[in-house]
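Commentary on secondary and tertiary structure
Here are the chains, one letter per residue:
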2 protein chains.
Amino acid sequence: MGDLPRMKRRTRQHQAIYDVIVAADRPLLAQEILTLAAGAVPQLSIATVYRTIKALQETCTIKAVLLPGQNPRYEPADHSHHHYFQCRQCERVFDVGTCPGNLDNLVPSGFTLEDHEIILYGRCCECSTGQEQATRLVR
Amino acid sequence: MGDLPRMKRRTRQHQAIYDVIVAADRPLLAQEILTLAAGAVPQLSIATVYRTIKALQETCTIKAVLLPGQNPRYEPADHSHHHYFQCRQCERVFDVGTCPGNLDNLVPSGFTLEDHEIILYGRCCECSTGQEQATRLVR
DNA sequence: CTACAAATGATATCGCATTCGCAATAGCGG
DNA sequence: CCGCTATTGCGAATGCGATATCATTTGTAG
């Protein structure tokens with residue numbers, strides 16, 4: 001898929017985990033990474049997933065995506081500023097490319113705005129159309 | 001301060017917890033509620049705080065405010081739709097009254113937008129001016 | 001004032017995501 | 001092909017917010 005950041009040794013596990021995160025078009029939970037990467041390395045351990053996530057974060061290869069009340073998800077760090085959409089049915093989180101921009105007018109006077117986060121909730125494309133009970137999270 | 005929702009008995013603890021949440025101009029953590037309400041009921045237990053929070057939520061008197069990667073905060077449920085500003089120095093969370101409104105243009109085609117959340121980060125009024133290391137959370 | 005049951009305080013316990021410990025496995029330089 | 005050691009898998013341990021347990025306290029109806 002691409003190049004791993006330098007770790008002392010190149011292993012099938014690292015490569016599988018990295019590939020899965022890069023190939024996904026959305027941020028993944030640790031458990032999703034495990035499930036998906038286990039396709040390439042069947043006996044993959046959750047401990048290895050966490051260890052690799054940590055290493056990839058330290059080299060700024062991936063970054064954590066935090067949503068209120070939920071476990072962290074991970075996506076490649078090279079994405080530019082963007083926001084997230086979570087489907088209330090399948091619970092998957094999708095990147096939303098655009099950003100409304102200037103939000104200074106929301107801030108009370110005297111406050112200094114440095115950053116912002118926008119999270120949209122609703123139904124994703126698949127879950128908007130069919131009313132079939134979608135498989136959650138991984139597919 | 002005001003009236004508590006009906007619980008079978010009226011206690012000093014319930015009243016103190018309710019008063020603190022209503023008097024605060026911002027959402028409070030369970031620990032902040034404990035610290036503040038302990039002013040009125042010194043030996044107040046965190047268990048009672050959690051029990052009362054749950055009861056107040058069930059009667060829709062208060063609601064939880066969830067921010068990414070953080071413990072729930074609580075505020076009166078009668079506030080209208082609004083958003084939040086978190087100070088990166090003192091970590092307190094403030095309500096932001098206004099809302100930019102229509103965000104439909106952010107959503108990919110095929111997706112259905114039902115709701116949204118906006119979280120602003122920066123420096124609050126107090127922490128913007130003085131560079132004194134502010135006491136965190138409760139004051 | 002009494003009696004009963006709701007509520008409390010203190011602390012043990014749970015749930016669960018994440019990390020640790022360690023023996024076994026497997027990159028990789030030579 | 002060897003040998004060293006980074007890495008892995010597995011299961012146990014941890015951290016911590018939240019909840020359960022239970023003896024004691026305290027509203028409150030009567």
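Above this text you will find the structure in question.
Residues numbered from 1 in each chain as written. Chains lettered and ligands numbered in written order. Predicted model: local features only at pLDDT ≥ 70, side-chain atom pairs only at ≥ 80, totals over all residues. Heavy atoms only, no water.

What follows concerns the overall build of chain A. Helix and strand content of chain A: four helices and six strands. Along the chain direction, N to C, the helices and strands of chain A fall in the order α-β-α-α-β-β-β-β-β-α. Put simply, chain A has 139 residues, and 43% of those count as buried. When the accessible surface of chain A is split by element, carbon and sulfur atoms take 50% of a total near 7,400 Å². (Helix = DSSP H or I, 4+ residues; strand = E, 2+ residues; numbered from the N terminus. Buried < 20%, exposed > 50% of the residue type's maximum accessible area, 1.4 Å probe, protein only. Areas by Shrake-Rupley, 256 points an atom, 1.4 Å probe, with all protein chains shown as cover.)

For DNA strand C, the set of nearby residues contains 19 residues, the closest of which are R9(A), R10(A), Y50(A), T48(B) and R51(B). Protein-proximal atoms of DNA strand C, defined as those within 4 Å of the protein, fall in sugar or phosphate at a share of 67%. Here R9(B) contributes a side-chain N or O atom positioned 2.9 Å from a base nitrogen of DNA strand C. Interatomic distance of 2.8 Å between a side-chain N/O atom of R51(B) and a base nitrogen of DNA strand C. When its residues are assigned to classes, the surface near DNA strand C shows five nonpolar, seven polar and seven charged. (Near = heavy atom within 4 Å. Polar contact = N/O pair within 3.5 Å; in protein donor to acceptor, adjacent residues only side chain to side chain. Nonpolar A, V, L, I, M, F, W, Y, C, P; charged D, E, K, R; others polar.)

Another point: the pattern of salt bridges. Within this structure, the stated rule accounts for twelve salt bridges over all chains. The salt bridge partner of D115(B) is R88(A), with a shortest N-O separation of 3.4 Å. Pair noted here: D115(B) is in strand β6 (residues 112-123) and R88(A) is in the loop between β4 (83-87) and β5 (93-96), and the two residues belong to different chains. According to the relative accessible area criterion, D115(B) is partly exposed, its value standing at 32%. (Salt bridge = Lys/Arg side-chain N within 4 Å of Asp/Glu carboxyl O.)

With that settled, the discussion passes to the sheet that holds strand β3 (residues 73-76) of chain A. All names here are of chain A. Spatial strand order, β1-β3-β2: three strands in an open sheet with antiparallel pairing. The outermost strands of the open sheet, each flanked by one partner alone, are β1 (28-29) and β2 (62-65). By the bridge criterion, two bridges tie β1 to β3 in an arrangement that is antiparallel. Bridge pairing in β3 places L28 opposite Y74. Sheet contacts for helix α1 (residues 12-23): β1, β2 and β3; angle to β3, the most-contacted strand, approximately 85 degrees. (Pairing = 2+ DSSP bridges. Contact = heavy atoms within 4.5 Å. Axes fitted to C-alpha atoms, helices over the stretch in contact; angles between N-to-C directions.)

Around DNA strand D, the surrounding shell holds 20 residues, and the nearest of these are R9(A), T48(A), R51(A), R9(B) and Y50(B). When atoms of DNA strand D within 4 Å of the protein are split into backbone and base, the sugar-phosphate part holds 67%. For DNA strand D, a phosphate oxygen lies 3.1 Å from a polar atom in the side chain of T11(A). At 3.4 Å, a side-chain N or O of H14(A) approaches a phosphate oxygen of DNA strand D. Looking at the surface near DNA strand D, the elements that each hand over two or more residues are α1 and α3 (46-58) of chain A together with α3 (46-58) of chain B. By residue number, the principal contributor to the surface near DNA strand D is α3(B), which donates four residues.

Here the focus is the pairing of β5(A). Residue and element names in this part refer to chain A. The sheet contact formed by β4 and β5 spans four bridges and is antiparallel. Paired with F85 across the strands is F94, a residue of β5. Linking β4 to β5, which pair antiparallel, is a turn of five residues; within it E91 sits at a positive phi near 70 degrees.

So, on to the nonpolar core. With 26 residues, the main nonpolar core has F85(A), L120(A), C124(A), F85(B), L120(B) and C124(B) as its most contacted residues. Broken down by secondary-structure element, the contributors of at least two residues to this core are β4, β5 and β6 (112-123) of chain A together with β4 (83-87), β5 (93-96) and β6 of chain B. (Core = buried A, V, L, I, M, F, W, Y, C linked by side-chain atoms within 4.5 Å.)

In this section: the packing of α1(A) against helix α2 (residues 30-37) of chain A. Residues and elements named next belong to chain A. Between α1 and α2, whose axes approach to 9 Å, the crossing angle comes to 115 degrees. Classified by the interaxial angle, the pair formed by α1 and α2 is roughly perpendicular. Once α1 is placed against α2, the crossing between them reads as right-handed. Together, A16, I17, V20 and I21 of α1 and I33, L36 and A37 of α2 make up the contact between the two elements. Looking at the contact of α1 with α2, its residues break down into seven nonpolar, no polar and no charged. (Parallel < 35°, antiparallel > 145°, perpendicular 65-115°, else oblique. Left-handed = near helix turned anticlockwise from the far one by under 90°.)

All names here are of chain B. Between its first and last C-alpha atoms helix α1 (residues 12-23) spans 16 Å; for twelve residues at 1.5 Å apiece the expected length is 16 Å, and the two agree. Of the positions making up α1, those classed as buried are H14, Q15, A16, I17, Y18, D19, V20 and I21. Elements in contact with the buried residues of α1: β1 (28-29), α2 (30-37), α3, β2 (62-65) and β3 (73-76). (Expected span 1.5 Å × (residues − 1).)

Another aspect to go through is the environment of R92(A). Locating R92(A) in the fold gives a position in the loop between β4 and β5. Separated by 32 residues in sequence, R92(A) and C124(A) place their C-alpha atoms 8.3 Å apart.

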